[in-house]
Amino acid sequence: MNEVKRPKKPLIYYYVIVLLILLLFNFLAMPYMMQRQIQQVDYSTFISMTENGQVGQVEIQEQTNQVIFTDKDNTAIYKTGMVNDPDLTQRLYDSGAKFSGEIIEQMSPLLSFLLTWILPIVIFIGIGQYMSKKLMERAGGPNSMAFGMGKSNAKVYVKSSEGIRFSDVAGEDEAKENLTEIVDYLHNPGKYKEVGASMPKGILLVGPPGTGKTMLAKAVAGEANVPFFSMSGSEFVEMFVGMGAAKVRDLFKQAKEKAPCIVFIDEIDAIGKKREGQIGGNDEREQTLNQLLTEMDGFEENSGVILLAATNRPESLDPALTRPGRFDRRVPVELPDLKGREEILKVHSKKIKLGPDVDFGKIARMASGASGAELANIINEAALRAVRSGRKAVMQADLEESIEVVIAGYQKKNAILTDKEKRIVAYHEIGHALVAAMQSHSAPVQKITIVPRTSGALGYTMQVEEGEHYLMSKEEIENKIATLTGGRAAEEVVFGSVTTGASNDIEQATKLSRAMITRYGMSEEFDMVAMETVTNQYLGGDASLACSAETQTQIDKQVVTLVKKQHEKARQILTDNRQKLDELAKYLYEKETVTGEEFMSILNA
Ligand code: ADP
């Protein structure tokens with residue numbers, strides 16, 4: 001790979017441009033600048049000035065047929081055309097002017113030649129030298145490839161006291177515990193060598209996006225106080241085959257020089273994807289992966305280089321990469337639970353002024369399913385909202401509103417619903433809430449609003465679970481489906497017609513009921529047989545069917561039956577409570593936003 005030639009073209013390009021500019025300057029600007037100072041006068045003025053003794057120096061240029069002269073004080077330069085004047089010499093002598101033939105306005109031909117030709121060339125060679133030196137430095141010395149090709153470009157965070165620490169990463173206690181061992185090893189490798197234990201060479205952090213994988217890797221480096229090399233998987237993949245492999249080599253070379261240290265490869269699935277047998281695969285990626293595998297084998301255990309990598313798609317990684325001896329430890333970094341969410345909120349609110357009424361427990365409950373990155377975003381949105389309304393501290397209302405902003409987008413200020421539409425939306429949302437509240441298993445509603453949002457939602461019902469749930473019973477899922485159909489059911493009960501507003505509810509209800517049948521074994525017919533497998537666990541959880549076409553037909557039928565039953569149940573609940581439904585919808589229609597307490601007090605009145 002070392003014989004990659006230095007690309008000459010760009011350099012020549014710059015040389016030519018510099019040369020052109022200098023030439024243009026010489027030919028156009030210089031003569032113009034010199035000319036400007038010389039005033040042209042007629043010959044009679046020259047004669048009268050000579051006779052009045054106002055002329056200082058005179059140069060007669062016979063070649064160009066002109067006379068150049070100055071005034072007495074040598075302050076101004078004049079020129080005039082030559083006339084056949086045999087008495088001129090005598091007249092000049094009489095006037096006492098100097099006419100020794102000395103050049104007044106022009107520099108010596110030698111100096112002029114030096115300035116206009118030699119100097120530009122010297123400057124231009126100087127610039128060329130400087131640029132090639134700089135490029136060489138960037139490429140890492142005269143022997144390496146030019147323009148940084150094949151260089152790893154890894155960002156190095158050398159140890160610093162303000163680095164990220166484990167205390168900055170809230171929640172994720174299991175992951176932290178796992179990584180603490182690494183820190184301990186980097187501090188005191190002797191302890192491990194004595195027993196004969198060796199550290200894992202590579203640790204794979206897996207989990208959904210925004211759960212703090214990058215942060216954890218930085219925290220390990222911060223705690224261990226060692227250099228931290230960070231690079232993203234996609235940065236290895238280059239246009240030319242072999243470049244990525246060269247980068248991997250370079251990264252490991254640098255790391256070994258700086259050992260003990262941590263090398264972090266983010267989104268490792270970009271290079272670590274399974275190699276497939278097909279012809280014409282991605283050569284560059286495969287070579288890069290092969291190089292990575294070789295390098296991981298190459299460095300000895302206990303050499304002090306610890307490799308951390310992060311991915312959201314562990315299932316797509318090449319088995320050779322995840323085998324023992326390479327990335328042999330897998331640390332799951334999951335979405336935070338209730339306690340974790342509360343801690344993350346607290347960590348991020350440290351640099352924010354908080355009002356007295358802030359209750360992080362409640363916010364954490366409201367933001368169920370949010371990742372660490374989303375929680376950080378919620379805190380920041382709340383702070384921005386506080387500033388926008390001219391307050392000095394963040395209040396609970398700011399945080400609650402910012403959850404809605406993160407979930408549903410900003411309030412649409414100028415979306416004007418017709419009166420009829422607004423009534424339908426009000427009934428729709430109360431339909432959800434009422435069905436939820438009337439089923440004993442459903443969580444109480446936190447808030448119902450019919451203010452349109454930028455995400456396109458015309459209104460929504462926010463349900464908040466009291467505690468953390470890890471399991472859901474069959475009844476709970478069924479009730480959830482009933483709640484989802486509640487909006488449409490209310491429209492049917494009250495208006496006798498249906499609208500497009502329920503599309504999202506329909507999608508969710510279908511997904512849930514399909515999962516009940518195909519994945520959770522909650523149907524009588526299929527018992528505990530998996531009909532679907534989840535492929536992308538951390539990125540949305542797409543499922544692919546794994547059954548015959550006949551079974552699929554049966555599944556579809558069952559899904560319809562299941563949703564239908566729950567829809568019927570929701571309709572029944574609303575018909576039975578028609579009076580409450582009207583009362584609540586009217587209240588919501590007028591107020592636009594109803595809190596959980598208001599809702600319950602009207603319901604129980
Ligand atoms: P990932 O690498 O998992 O996609 P990052 O580590 O880049 O996620 O996290 C993105 C941001 O989210 C961080 O900069 C931090 O502000 C916030 N964050 C995520 N998880 C946590 C956590 N557990 N504790 C504190 N902040 C977190």
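Residues numbered from 1 in each chain as written. Predicted model: local features only at pLDDT ≥ 70, side-chain atom pairs only at ≥ 80, totals over all residues. Heavy atoms only, no water.

### Re unusual backbone geometry
Consideration 1: Residues other than glycine seldom take positive phi values, yet Asp 527 does so here, at roughly 50°.
Consideration 2: Residue Glu 592 is not a glycine yet carries a positive backbone phi of 70°.
Consideration 3: Tracing the chain through its elements places Glu 592 in the loop between helix H21 (578-591) and strand E15 (593-595).
Consideration 4: Glu 592 sits in the partly exposed class, given a relative accessible area of 29%. (Helix = DSSP H or I, 4+ residues; strand = E, 2+ residues; numbered from the N terminus. Buried < 20%, exposed > 50% of the residue type's maximum accessible area, 1.4 Å probe, protein only.)

### A closer look at the packing of helix H18 (residues 474-495) against helix H20 (residues 549-576)
Consideration 1: Here H18 crosses H20 at 60°, and the two axes come no closer than 7 Å. Our classification of the angle between H18 and H20 gives oblique. Our pair here, H18 against H20, has a crossing hand that is right-handed. Here Glu 478, Asn 479, Ile 481, Ala 482, Thr 485, Gly 486, Arg 488, Ala 489, Ala 490, Glu 492 and Val 493 of H18 come into contact with H20, specifically with Leu 562, Val 563, Gln 566, His 567, Lys 569, Ala 570, Arg 571, Leu 574 and Thr 575.
Consideration 2: A breakdown of the residues in the contact of H18 with H20 according to their chemical character gives nine nonpolar, six polar and five charged. (Axes fitted to C-alpha atoms, helices over the stretch in contact; angles between N-to-C directions. Parallel < 35°, antiparallel > 145°, perpendicular 65-115°, else oblique. Left-handed = near helix turned anticlockwise from the far one by under 90°. Contact = heavy atoms within 4.5 Å. Nonpolar A, V, L, I, M, F, W, Y, C, P; charged D, E, K, R; others polar.)

### Observations concerning the site of the ligand
Consideration 1: Within the structure, the ligand sits among 16 residues, and Ala 170, Gly 210, Lys 213, Thr 214 and His 348 are positioned closest to it.
Consideration 2: Gly 210 has a polar backbone atom sitting 2.8 Å from an oxygen atom of the ligand.
Consideration 3: Ala 373 is positioned with one of its backbone polar atoms (N or O) 3.4 Å from an oxygen atom of the ligand.
Consideration 4: Secondary-structure elements contributing two or more residues to the shell around the ligand are helix H7 (213-224), helix H13 (338-348) and helix H15 (372-388).
Consideration 5: Looking at the shell around the ligand residue by residue, the classes come out as seven nonpolar, six polar and three charged. (Near = heavy atom within 4 Å. Polar contact = N/O pair within 3.5 Å; in protein donor to acceptor, adjacent residues only side chain to side chain.)

### Section: the sheet that holds E15
Consideration 1: Judged by pairing direction, the sheet is antiparallel, and its three strands sit side by side in the order E12-E11-E15 without closing on themselves. The strands lining the two open edges of the sheet, one partner per strand, are strand E12 (460-463) and E15. Here the strands of the sheet are splayed against their neighbours by 10° on average, with no regard to which way each runs.
Consideration 2: One ladder, built from four bridges, connects strand E11 (residues 445-449) with E12; its direction is antiparallel. Across the sheet, Thr 449 pairs through a bridge with Tyr 460, a residue of E12.
Consideration 3: Strands E11 and E15 of the sheet are contacted by H21, whose axis makes an angle of about 120° with E15.
Consideration 4: Each of E11 and E15 touches helix H22 (residues 596-604); the most contacted strand, E15, lies at about 80° to it. (Pairing = 2+ DSSP bridges.)

### Describing the sheet that holds strand E3 (residues 66-71)
Consideration 1: With respect to topology, four strands assemble into an open sheet ordered E1-E4-E3-E2, the strand pairing being mixed. Both outer strands of the open sheet, strand E1 (38-40) and strand E2 (55-61), are each paired with one neighbouring strand and no more. Across the sheet, the mean angle separating the axes of adjacent strands is 25° when strand polarity is ignored.
Consideration 2: In this structure, E2 lies alongside E3, joined through five bridges in antiparallel fashion. Paired with Ile 60 across the bridge in E3 is Val 67.
Consideration 3: Those strands touched by helix H2 (residues 43-51) are E2, E3 and strand E4 (77-81), and its axis lies near 125° from that of E4.

### Overview of the nonpolar core
Consideration 1: Of all hydrophobic cores here, the largest spans 27 residues; its most connected members are Leu 179 and Ile 262.
Consideration 2: Elements that contribute at least two residues to this core include exactly helix H5 (173-187), strand E6 (202-206), H7, strand E8 (261-266) and strand E9 (305-311).
Consideration 3: Residues Val 305, Ala 309, Leu 317 and Ala 320 belong to the second largest nonpolar core, which totals 26 residues. (Core = buried A, V, L, I, M, F, W, Y, C linked by side-chain atoms within 4.5 Å.)

### Description of the UniProt feature "binding site: ATP" (unreviewed entry) in the protein chain
Consideration 1: Within the UniProt annotation, "binding site: ATP" (unreviewed entry) is assigned to Gly 207, Pro 208, Pro 209, Gly 210, Thr 211, Gly 212, Lys 213 and Thr 214.
Consideration 2: Looking at the element boundaries, Gly 207 is found in the loop between E6 and H7.
Consideration 3: In this structure, Gly 207 is in contact with Lys 213, Thr 311, Asn 312, Val 333 and Tyr 538, ignoring residues within four places of it in sequence.
Consideration 4: Within the element layout of this structure, Pro 208 appears in the loop between E6 and H7.
Consideration 5: A residue is classified by how much of its surface remains accessible, and Pro 208, at 10% relative accessible area, is buried.
Consideration 6: In contact with Pro 208, not counting residues within four places along its chain, are Lys 213, Val 333, Glu 334, Leu 335 and Tyr 538. (UniProt positions renumbered as here; feature names shortened; annotations may be inferred.)

### Concerning a negative patch on the surface
Consideration 1: Negative charge collects at one region of the surface, where Asp 173, Glu 174, Glu 177 and Asp 337 lie side by side.
Consideration 2: Mapped onto the elements, Glu 177 comes out in helix H5.
Consideration 3: We classify Glu 177 as exposed; its relative accessible area is 64%. (Patch = residues over 30% accessible without salt bridge, like charges linked within 9 Å, V, L, I, M, F, W, Y side chains within 5 Å. Areas by Shrake-Rupley, 256 points an atom, 1.4 Å probe, with all protein chains shown as cover. Salt bridge = Lys/Arg side-chain N within 4 Å of Asp/Glu carboxyl O. Lys, Arg positive; Asp, Glu negative; His and termini not counted. Charge placed at Lys NZ, Arg CZ, Asp CG, Glu CD.)

### With respect to the pairing of E8
Consideration 1: In terms of burial, E8 is a largely internal element, six of the six residues being buried.
Consideration 2: Covered by surrounding structure in E8 are Cys 261, Val 263 and Ile 265 together with Ile 262, Phe 264 and Asp 266, the residues of both alternating faces.
Consideration 3: As judged from the five bridges shared by strand E7 (residues 228-232) and E8, these two strands associate in the parallel manner. Counterpart to Ser 232 in the pairing with E8 is Asp 266.

### Looking at the pattern of salt bridges
Consideration 1: Under the criterion given, the structure shown has 20 salt bridges.
Consideration 2: In this structure, Asp 297 engages Arg 326 in a salt bridge whose closest nitrogen and oxygen atoms are separated by 2.6 Å. Of the two residues, Asp 297 is situated in helix H11 (residues 283-298) and Arg 326 in the loop between helix H12 (319-322) and strand E10 (327-332); the sequence distance between them amounts to 29 residues.
Consideration 3: When the shortest N-O distance is used, the salt bridge between Glu 400 and Lys 362 registers 3.2 Å. Here Glu 400, found in helix H16 (residues 396-408), pairs with Lys 362, found in helix H14 (residues 360-366); they are 38 residues apart in sequence, far enough to count as distant.
Consideration 4: On the accessibility criterion, Glu 400 (15% relative accessible area) is buried.
Consideration 5: Through salt bridges with shared partners, a single ionic network connects Asp 297, Arg 323 and Arg 326.

### A closer look at the packing of aromatic side chains
Consideration 1: All told, the structure shown has six aromatic pairs when counted by the stated rule.
Consideration 2: When the centroid spacing of 5.3 Å and the interplanar angle of 25° are considered together, the rings of Phe 69 and Tyr 78 count as stacked.
Consideration 3: For Phe 69, a relative accessible area of 0% gives the class buried.
Consideration 4: Site record: aromatic cluster; members linked through ring pairs are Tyr 43, Phe 46, Phe 69 and Tyr 78.
Consideration 5: A cation sits over an aromatic face here: Lys 422 above Tyr 589, 4.9 Å from the ring centre. (Phe/Tyr/Trp six-rings, centres within 6.5 Å; stacked < 30°, edge-to-face > 60°. Lys NZ or Arg CZ within 6 Å of the ring centre and 35° of its normal.)

### Observations regarding the confidence of the model for the protein chain
Consideration 1: Mean pLDDT over the protein chain stands at 82; residues scoring 70 or higher make up 86%.
Consideration 2: Taken element by element, the predicted model of the protein chain shows its lowest mean pLDDT in strand E5 (residues 155-157) (58) and its highest in H20 (94).
Consideration 3: Low confidence marks residues 1-8, where pLDDT is under 50. Its contacts with residues over four positions away, or in another chain, come to twelve contacts.
Consideration 4: Counted against residues more than four places away or in other chains, residues 140-148, with its pLDDT under 50, gives 18 contacts. (pLDDT = per-residue confidence, 0-100.)

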